Every structure is written in structure tokens, then in C-alpha cells.
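The residues making up each chain are set out below.
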Amino acid sequence: MRIANLSGRLSLIVDGTAVDVEQASAGLFPADPQAVYARWAEFRAWAAGAELPAGTAFKDTDLGAPAPAPRQVLAIGLNYRDHAAESGFDAPEGLPPVFTKFVTSLSGPVTEVKLPENGKTDWEVELVAVIGERAENVSEADAWKHVAGLAAGQDISERVVQLAGPAPQFSLGKSYPGFAPVGPWLVTPDEFENPDDLALGCSVNGEEVQNGRTRDLIFSVPTLIARLSAVLPLLPGDVIFTGTPAGVGLGRDPQRWLSAGDELVSTIEGIGELRQTFTG
């Protein structure tokens, strides 16, 4: 199943068309895309047996983040060994670095993003997991049962702010408006042959800059959910950015940053793509 936020309304994506959930369910489920996660099991059961009307065509520019107003956004750093190495860090043990991208940075999959003045703005393609059932002290074996679905994400990062000061400002440097595009929709785990092994990558102006697989995550999605939920409850609709593979601008020689006019395209196997253009 694929669910989307289409012009602020919860929709099912069926054969490339959109079915409005509020209308198809005769009001059983509201239009608010975020509200569905509080009733995720009920929604899944309804969607599995519903006789859906014909869908309608839509524009990708009308898609928003599939979980647009989570109570918590957790982001994971240094979760691929090659990215940790290019960043000058040892691979983490125990729990990797955890920070947040503030909710106002969330956006849909096709956007125009304004670059901060005098910044060094970087790209980080990431698999995003959205929680569908409250997770507290969850085991790795049970973790996938708590995941509503997966999406593509970009952890766009302004490195000057991120690394300034006596202690790094990860959350601020990664939370400018539009710095957390997610989408193009949410895909339930059962849609994948193996949700723990997906290809992901991104390009700048058609040049491939990242290419990896989620099987190389140091801490897999189930491991992250187990480790995080041992510290704090993960709530329905929460968003987890799981980390990026090597190839970011910070790790290049010479270093490379996004400029006005650049187009960043990010893809994840079995999910789809994000497309950001940048302005000065």
C-alpha cells in the first residue's frame, strides 16, 4: 500500500492515480494525513477490504510530506561506515548520534529550496521510516510491526551553522525551511521483497554523487527502533531519518556545496524520487 499527502488530503496511490480516503471511506477517516497514524491498524484493515473508486491523476508538485506534522522527528548520524570515514569519525558503537530536524523543515517531494546566505549547503539522501504503532522497549524482532511505512528523505544540511560554536548545532543547521523533503509517498513494508536492503542514491545536475544500499546501515531500521524505544516512546506518526551513505559534499576533496540553480534528485528503490531545485 502507498499513501500520500495530496494537497493536504490523505490519499491512496493506486496504479499511479490518487484515491481520496475521506471520500472513499464515507468520512470514516478524516482528510488530515497525519491523523491516520493514530488509527493505523484500523486504516490498514479498511484499506485491505475497501472497494475503492477510480483514482484521479495528480501532479507531483501537489504532494506533501506523508507525515507532515509528527510529534517527534529523530535523525541518525554516521550510520554508514563509509560516511563516518569521509566525515573524519570512527563508526559509532552503542547508539549513533541522534538529533532532530525541526518539524517546520518538512516538505513534500518536489520543492524549491532557498539557500541560506553565506552557507555551505550539503545533501544527504536517507531512508525515512514512519512509526505506525507506539513503540516502547521494543525488541528488534518485533520492530517492523511498529513501522507504518518507508519513504525517501533528504537531510539537507547547512554545514557552517551545523559545525559552529563550542558544540555542534546539528539540529539548527539541518532545519532551514525545506531542508527535510520526504516522499513521494509512504510505502508499507510488505511491498518490499526485503525492506532491509534497498538501493538509494542522489545526483546533482544529473551527476551521481551518492550510491548505496540500506543493508550497509550500521544500525538497521529494527535496531534503531529497538535502541531508540529503550530511551523514549516512539509515537504513531513519528519520523526517523536513518542516516546517509558516503558521497556528501563535506567529504569531497575539494569540498562541494549546493548553489543556486542546482537540481538535486534523490531516489530509493521501490519508493520513488525527490526533486529539489535551489535558489539564492
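See the structure above.
Residues numbered from 1 in each chain as written. Predicted model: local features only at pLDDT ≥ 70, side-chain atom pairs only at ≥ 80, totals over all residues. Heavy atoms only, no water.

### A short note on the overall build of the protein
For clarity, the cut-off: The secondary structure listing takes helices from DSSP runs of H or I that are at least 4 residues long and strands from runs of E that are at least 2 residues long, numbered from the N terminus. Using C-alpha atoms as the atom set, the radius of gyration is obtained and then compared with a globule rule of 2.2 Å times the number of residues to the power 0.38. Contacts between residues were defined by any pair of non-hydrogen atoms, one from each residue, lying within 4.5 Å. Throughout, the Shrake-Rupley method with a 1.4 Å probe supplies accessible areas, and for residues the shown protein chains are the sole cover considered. This count recognises Lys and Arg as positive and Asp and Glu as negative, with His and chain-terminal groups excluded. One atom stands in for each charge, and that atom is NZ of Lys, CZ of Arg, CG of Asp or CD of Glu.
Broken down by element type, the protein carries 6 helices and 18 strands. Here the C-alpha radius of gyration of the protein, 18 Å, is about what a compact globule of 280 residues would show, namely 19 Å. Partitioning the contacts of the protein with sequence separation of at least 6, the portion at a separation of at least 24 is 74%. Entry remark: accessible area of the protein is about 11,800 Å², with carbon and sulfur atoms responsible for 50%. A distance of 2 Å separates the average location of the 20 positive side-chain charges in the protein from that of its 37 negative side-chain charges.

### Notes on the packing of aromatic side chains
Note the cut-off: What counts as a ring pair is set by centres within 6.5 Å for rings of Phe, Tyr and Trp (its six-membered ring), and what kind of pair is set by the plane angle: stacked under 30 degrees, edge-to-face over 60, tilted for all other angles. Any residue under 20% of the maximum accessible area for its type is buried, any over 50% is exposed, and the rest in between are partly exposed; the area is computed with a 1.4 Å probe on protein chains only. Charge-over-ring contacts are defined here by two conditions on Lys NZ or Arg CZ: a distance within 6 Å of the ring centre and an angle within 35 degrees of the ring normal.
In the structure shown here, the tally under the stated rule is 8 aromatic pairs. Measuring from ring centre to ring centre gives 5.4 Å for phenylalanine 29 and phenylalanine 43, while their planes differ by 85°; the resulting arrangement is edge-to-face. You can see phenylalanine 29 sitting in the loop between helix 1 (21-24) and helix 2 (40-49) and its partner phenylalanine 43 sitting in helix 2, a full 14 residues away along the chain. This pair shows no difference in class: phenylalanine 29 is buried, exactly as phenylalanine 43 is. One aromatic cluster is present, formed by Phe29, Tyr37, Trp40, Phe43 and Trp46 through successive ring pairs. For lysine 101, the ring lying beneath its charged end belongs to phenylalanine 241, and the centroid distance is 5.9 Å.

### Brief notes about helix 6 (residues 221-229)
Judged by how many residues are buried, helix 6 sits mostly within the fold: 8 of 9 residues are covered. Regarding helix 6, the residues found buried are Val221, Pro222, Thr223, Leu224, Ile225, Ala226, Leu228 and Ser229. Those residues of helix 6 that are buried are in contact with strand 5 (73-76), strand 6 (98-99), strand 10 (125-131), strand 11 (147-154) and strand 16 (239-241).

### Let's talk about helix 2
What counts here: What the arc describes is the spread of directions from the helix axis to the C-beta atoms.
If you check which residues of helix 2 are buried, you get Trp40, Phe43, Trp46 and Ala47. Down the axis of helix 2, the buried set is contained in an arc of 125°. They therefore lie on one face. Away from the buried face of helix 2 by more than 90 degrees, exposed residues Ala41, Ala45, Ala48 and Gly49 are located. Next to the buried residues of helix 2 lie strand 1 (2-6), strand 2 (9-14), helix 1, strand 11 and strand 13 (180-187).

### What about unusual backbone geometry?
In this model, glycine 183 is joined to proline 184 through a cis peptide bond whose omega is -5°. The peptide bond linking aspartate 253 to proline 254 adopts the cis configuration, its omega dihedral lying at 5°. As for its placement among the helices and strands, proline 254 is situated in the loop between strand 16 and strand 17 (263-268). The phi torsion at asparagine 205 lies on the positive side, around 55°, for a residue other than glycine. With respect to the helices and strands, asparagine 205 occurs in the loop between strand 14 (199-204) and strand 15 (207-213). By relative accessible area, which is 45% here, asparagine 205 ends up partly exposed.

### Let's talk about the nonpolar core
Basically, it comes down to this: The criterion is simple. A nonpolar core is a set of buried Ala, Val, Leu, Ile, Met, Phe, Trp, Tyr and Cys residues joined through side-chain atoms within 4.5 Å.
In terms of nonpolar packing, the biggest core is built from 46 residues, with Leu150, Ile225 and Leu234 touching the most fellow members. In contact with isoleucine 225, not counting residues within four places along its chain, are Ile131, Ala135, Val138, Ala143, Val147, Leu234 and Ile240. Core analysis: the next-biggest nonpolar cluster, separate from the first, contains 28 residues, Ala47, Val73, Leu106 and Val128 among them.

### Quick word on the side chain of serine 266
Structurally, serine 266 can be placed in strand 17. Residue contacts for serine 266: discarding those within four places in its chain leaves Val125, Gln154, Gly201, Cys202, Gly272, Glu273 and Leu274.

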